[in-house]
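Architecture and fold: a report
The residues making up each chain are set out below.
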Amino acid sequence: MKILVLVKEVPDAAVEKTIDPATGQIDRSGEKALNPYDTHALEAAVQIKENGADVSEIVAVTVGPDSASRTLQGAVSRGADRSIHLSDAGLAGSDVVATGYALAELIKRESPELVLLGQQSDDGGSYAVGSVVGEFLGQPALSQVVKLDLAGDVITAERQAEYGYDTVEVKLPAIISVGDAINEPRYPSLKAIMGAKKKPVEKLTLADAGIDAGKVGTAGSGVDCSDFQKPASKSGGTIITDEDTAATVEQIVAWLDERKLV
Amino acid sequence: MADILVYALAHEGQVNKNSKGAISEAARLAGELGGEAHAVLVGTDLTDELAQQAGAVGATKVFTINAPEGIAATAIDGIAALVEAKGYDWVLFGGGLLGFEIGAGLAARIGGGVTVEVTDIKVDGGKLVAERPIFGDTLLSHSNYKSKGVIVARTNAFEVKETGGTASVEAFDAPIGAAAGQVTLKVRGEARGADVNIEDASILVTGGRGLGTAENFSVADSLAAAFGGNSAVAATRAVVDAGWFPYAGQVGQTGKTVAPKLYVGLGVSGAIQHKVGMQSSENVLAINKDENAPIFEFADFGVIGDLHKIAPALTEAIKAKKG
């Protein structure tokens, strides 16, 4: 079986995220990283293969600017056999439905049995793209999965839902978004990092992939989120750095005491 | 169309509190639009009594769709057919995992826009505009919809308002598609681990991933014990999923909502999903070695440092103070 893993380049978590006032879109300049949740999806794909399933190949797929190629290579070093990179100026301003449509079109070209992705991204954080992809493919999508077992063409997935843990069986093909509790991603070896540079990359434009340009980008999106405001500032708390633990504890106790909490 | 449809999640004979909040909010918004709030229930044991729980918080009409509960694919088929048949422009969800899944799939199906984690909704020019905090709540994004809009609230965003009204109830037959047939819900709402009570505690010591191991929860236990009285230990989702703490003690979007007099976060990063479950706490004390942890944005007193050094010392200091 073929597994596709959807990955995304996001601003490095340590970098302050801002909006470009000219375009109303997330300022994506600055340090970049592979979305941390996606490393769990890649690890899950590799573990399915290691656990004896007949996995013909693992393909990493991303939608993003040309500069995302390094991040995509990083994803490949975590166990993919090849990668697909959709990059086109016409994608700018795509909402989650438009992005999901573009991803679904890429997936259709590959017909995988299983699509894995991280349950949320560090920047947009919409938790929603897997469900949109599933909808456009006519396949079921499960999100926030923290345990996954494959037997034949059935996946048994566990996740926390509204009332506790749910156990769900889904017959493939399907889309599964994973949470960070599903596994501990391994760091790629130096050999894998070097090897990733030699793995095939397919670079596609919208036209190459047969994606309807009218259904993506700002024009193809059903919602415009470009109106931003700063929230009313609330008085910040007291933040101290622990240098002398005895003194720190004294300050905490004084703070608790003032509020009659001890 | 000025009417707003709300997905009412129900389980074991109760409409979910967040769904009720969404219905009340929809009733307010529909009033401004000149329409009504309607609710839709999906399940196999939908009673009139259940439907009237939606009526009592603001829905004037409740549709029931007889299909398995707890599966997004099924609900998308049913609700999309209802939206199509009745011509709704707006669909509102109270949040939660199914809210995200159904809402996103529904938006794709009906050709609308979708916004999740919404904390406020306004009427502007006869349309709904959804407000969503982003980047760790440091910025507010506003969603303007071109045509149809699907709005998924953040957990606990909207207050339940009892109106004492009653709704007309109508069964709606919807064809369920092939994707839904691939999914079987085997277990729903399993509570793993011991039953712990965190909602009634006035002092709550919460352990996060920063504790490092399950054994290190003893640090949180000792601190809670030192506070004495009505104190308890709770946990974040990450450590519950890792099996370090029982599910019943989880604070956050998929766990409990707490509002103690004092919340102490030990190695808690303060992700939004956790924050929504504890932001009504009167006083928030946070100890975390990561100075970039979001919890420092909303802690009343934050200590950047090693909890394994500070928490035991704090435990001793509190014990000494209490004599």
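This one's a predicted model, so the numbers in the text were calculated from it and none came from an experiment. Every residue gets a number counted from 1 within its own chain, in the order that chain's sequence is written. Throughout, the order in which chains and ligands are written sets their labels, letters from A for the former and numbers from 1 for the latter. Local features in this predicted model are restricted to residues whose pLDDT is 70 or higher, and side-chain atom pairs enter the listing and the counts only when it is 80 or higher, whereas totals over whole chains, interfaces and linings include all residues.

Some words on the overall build of chain A
Condition: Put simply, DSSP H or I for four residues or longer makes a helix, DSSP E for two residues or longer makes a strand, and each gets a number counted from the N terminus. Counting other C-beta atoms within 10 Å of a residue's C-beta gives its exposure: the residue is buried at 20 or more, exposed at 12 or fewer, and partly exposed in between, where C-beta atoms are placed from the backbone.
A tally of regular secondary structure across chain A gives 7 helices and 15 strands. With the principal axes as the frame, chain A shows a C-alpha extent of 65 × 45 × 40 Å. Expressed as a percentage of its 262 residues, the buried residues of chain A come to 48%.

Points about the overall build of chain B
Formally: Radius of gyration: C-alpha atoms only; globule rule: 2.2 Å multiplied by the number of residues to the exponent 0.38.
Assigned secondary structure in chain B consists of 10 helices and 18 strands. Radius of gyration (C-alpha) of chain B: 22 Å, near the 20 Å computed for a compact globule of 323 residues. With the C-alpha coordinates aligned to their principal axes, the bounding extent of chain B is approximately 70 × 40 × 35 Å. Counting over 323 residues, chain B shows a buried share of 57%.

A look at the packing of helix α3 (residues 72-86) of chain B against helix α4 (residues 96-110) of chain B
Residues and elements named next belong to chain B. Here is the rule we go by: In this analysis an axis means a line fitted to C-alpha atoms, helices contributing only their contacting stretch, and an angle means the value between N-to-C directions, from 0 to 180 degrees. Oblique is the label for any angle not covered by the other classes, which are roughly parallel (under 35 degrees), roughly antiparallel (over 145) and roughly perpendicular (65 to 115). Should the near helix be turned anticlockwise from the far one by less than a right angle, the crossing is left-handed, and should it be turned clockwise, the crossing is right-handed. A pair of residues counts as a contact when their C-beta atoms, built from backbone coordinates, are separated by no more than 7 Å. Amino acids are sorted into nonpolar (Ala, Val, Leu, Ile, Met, Phe, Trp, Tyr, Cys and Pro), charged (Asp, Glu, Lys and Arg) and polar (every other residue, Gly among them).
Contact geometry of α3 with α4 gives a least axis separation of 9 Å together with a crossing angle of 45°. Relative to α4, the element α3 lies oblique. Read as a crossing pair, α3 and α4 show a hand that is right-handed. Contacts from Ala72, Ala75, Ile76, Ile79, Ala80 and Val83 in α3 reach Leu98, Glu101, Ile102, Gly105, Leu106, Arg109 and Ile110 in α4. Partitioned by chemical class, the residues of the contact of α3 with α4 number 10 nonpolar, 1 polar and 2 charged.

What about the interface of chain A and chain B?
Put simply, an interface is often sized by how much accessible area is lost when its parts join up. Listed by partner, the interface residues are 62 residues for chain A and 77 residues for chain B. Looking at the side of chain A that touches chain B, the elements with two or more residues in it are α3 (96-110), α4 (129-137), β9 (141-151), β10 (154-161), β11 (164-171), β14 (223-229), β15 (238-241) and α7 (245-258) of chain A. For the side of chain A that touches chain B, the leading source of residues is β11 of chain A, giving 8 residues.

Brief notes about the confidence of the model for chain B
Counted only if it meets this: Confidence scores per residue from the predictor, reported as pLDDT, run from 0 to 100.
Averaged over every residue, the pLDDT of chain B is 95; the share at 70 or more is 100%. Overall fold confidence (pTM) sits at 0.91, and the ipTM for the predicted complex is 0.90.

Notes on the pairing of strand β18 (residues 301-304) of chain B
Rule in force here: Should DSSP find at least two bridges between two strands, the strands are taken to pair.
Two elements, β15 of chain A and β18 of chain B, share 4 bridges in a ladder whose sense is parallel. Pairing of threonine 241 of chain A across the sheet is with isoleucine 304 of chain B, part of β18 of chain B.

Observations regarding the sheet that holds strand β9 (residues 127-134) of chain B
Strand order in the open sheet formed by 4 strands is β14(A)-β10(B)-β9(B)-β8(B), with antiparallel pairing between adjacent strands. The strands lining the two open edges of the sheet, one partner per strand, are β14 of chain A together with β8 (120-124) of chain B. When strand polarity is set aside, the average angle formed by the axes of neighbouring strands in this sheet is 30°. Here β8 of chain B runs beside β9 of chain B; their pairing, made up of 5 bridges, is antiparallel. The partner of aspartate 124 of chain B across the bridge, within β9 of chain B, is lysine 127 of chain B.

Comments concerning the sheet that holds strand β1 (residues 2-7) of chain A
With respect to topology, 10 strands assemble into an open sheet ordered β13(A)-β7(A)-β6(A)-β1(A)-β8(A)-β12(A)-β9(A)-β10(A)-β11(A)-β13(B), the strand pairing being mixed. A strand with exactly one partner marks an edge of an open sheet, and here the two such strands are β13 (201-204) of chain A together with β13 (183-190) of chain B. For this sheet, the mean inter-axis angle between neighbouring strands, taken without regard to orientation, is 30°. Pairing analysis gives 5 bridges linking strand β6 (residues 57-63) of chain A to strand β7 (residues 82-86) of chain A, with the strands arranged parallel. By the bridge assignment for β7 of chain A, valine 61 of chain A is matched with isoleucine 84 of chain A. Running at roughly 70° to β9 of chain A, α4 of chain A makes contact with β8 (114-118), β9 and β12 (174-178) of chain A of the sheet.

What to know about the nonpolar core
Side chains that are nonpolar tend, in soluble globular proteins, to be buried together. Defined as follows: We call a set of buried Ala, Val, Leu, Ile, Met, Phe, Trp, Tyr and Cys residues a nonpolar core when their C-beta atoms link them within 7 Å.
In terms of nonpolar packing, the biggest core is built from 189 residues, with Val5 of chain A together with Val6 of chain B touching the most fellow members. Residue contacts for valine 6 of chain B: discarding those within four places in its chain leaves Ser19, Ala22, Ile23, Ala26, Ala37, Ala39, Ala59 and Leu92 of chain B.

A closer look at α3 of chain B
Residues and elements named next belong to chain B. Spelled out, the test is: Every helix has an expected span of 1.5 Å times one less than the residues it contains.
Between the first and last C-alpha of α3 there are 21 Å, a value that for 15 residues agrees with the 21 Å anticipated at 1.5 Å per step. Those residues of α3 that sit buried are Ala72, Ala73, Thr74, Ala75, Ile76, Asp77, Gly78, Ile79, Ala80, Leu82 and Val83. Taken from the residues just after α3, glycine 87 is the one with a positive phi, measuring 80°.

Topic: α3 of chain A
One full turn of an α-helix is made of 3.6 residues, so residues set three or four places apart face in the same direction. All names here are of chain A. Taking 1.5 Å per residue as the helical rise, α3 with its 15 residues ought to reach 21 Å, and the 21 Å between its terminal C-alpha atoms agrees with that figure. Within α3, 12 of the 15 residues are buried, which leaves it mostly tucked inside the rest of the structure. Among the residues making up α3, those that are buried are Val96, Val97, Ala98, Thr99, Gly100, Tyr101, Ala102, Leu103, Ala104, Glu105, Leu106 and Ile107. Directly after α3, the chain includes serine 111, whose backbone phi takes a positive value near 45°.

Concerning the environment of glycine 179 of chain A
All names here are of chain A. On the secondary structure map, glycine 179 appears in the loop between β12 and α5 (190-196). On the neighbour-count criterion, glycine 179 (22 C-beta atoms within 10 Å) is buried. For the pair formed by glycine 179 and glutamate 169, sequence separation is 10 residues and the distance between their alpha carbons is 17 Å.

Focus on the environment of alanine 104 of chain B
Residue and element names in this part refer to chain B. Summarising the element assignment, alanine 104 is placed in helix α4. We classify alanine 104 as buried; it has 32 C-beta atoms within 10 Å. The spacing of alanine 104 and isoleucine 76 is 28 residues in sequence and 9.2 Å in space, taken between C-alpha atoms.

Things to note about the pairing of strand β17 (residues 283-288) of chain B
It is a general feature of regular strands that their side chains alternate between the two faces of the sheet. Residues and elements named next belong to chain B. Taking burial as the measure, the 6 residues of β17 include 5 buried ones, the bulk of the element. Here 5 bridges tie strand β16 (residues 262-266) to β17, and the two strands are oriented parallel to one another. Within β17, the position partnered with glycine 265 by the bridge is alanine 286.

Points about the packing of α3 of chain A against α4 of chain A
Residue and element names in this part refer to chain A. Direction vectors running N to C along α3 and α4 enclose 55°, while the axes themselves pass 8 Å from each other. Considering the angle they form, α3 stands oblique to α4. Seen along the crossing, α3 lies across α4 with a hand that is right-handed. Where α3 approaches α4, its residues Val96, Val97, Thr99, Gly100, Tyr101, Leu103, Ala104, Ile107 and Lys108 are matched on the opposing element by Val129, Val132, Val133, Phe136 and Leu137. The residue makeup of the contact of α3 with α4, split by class, is 11 nonpolar, 2 polar and 1 charged.

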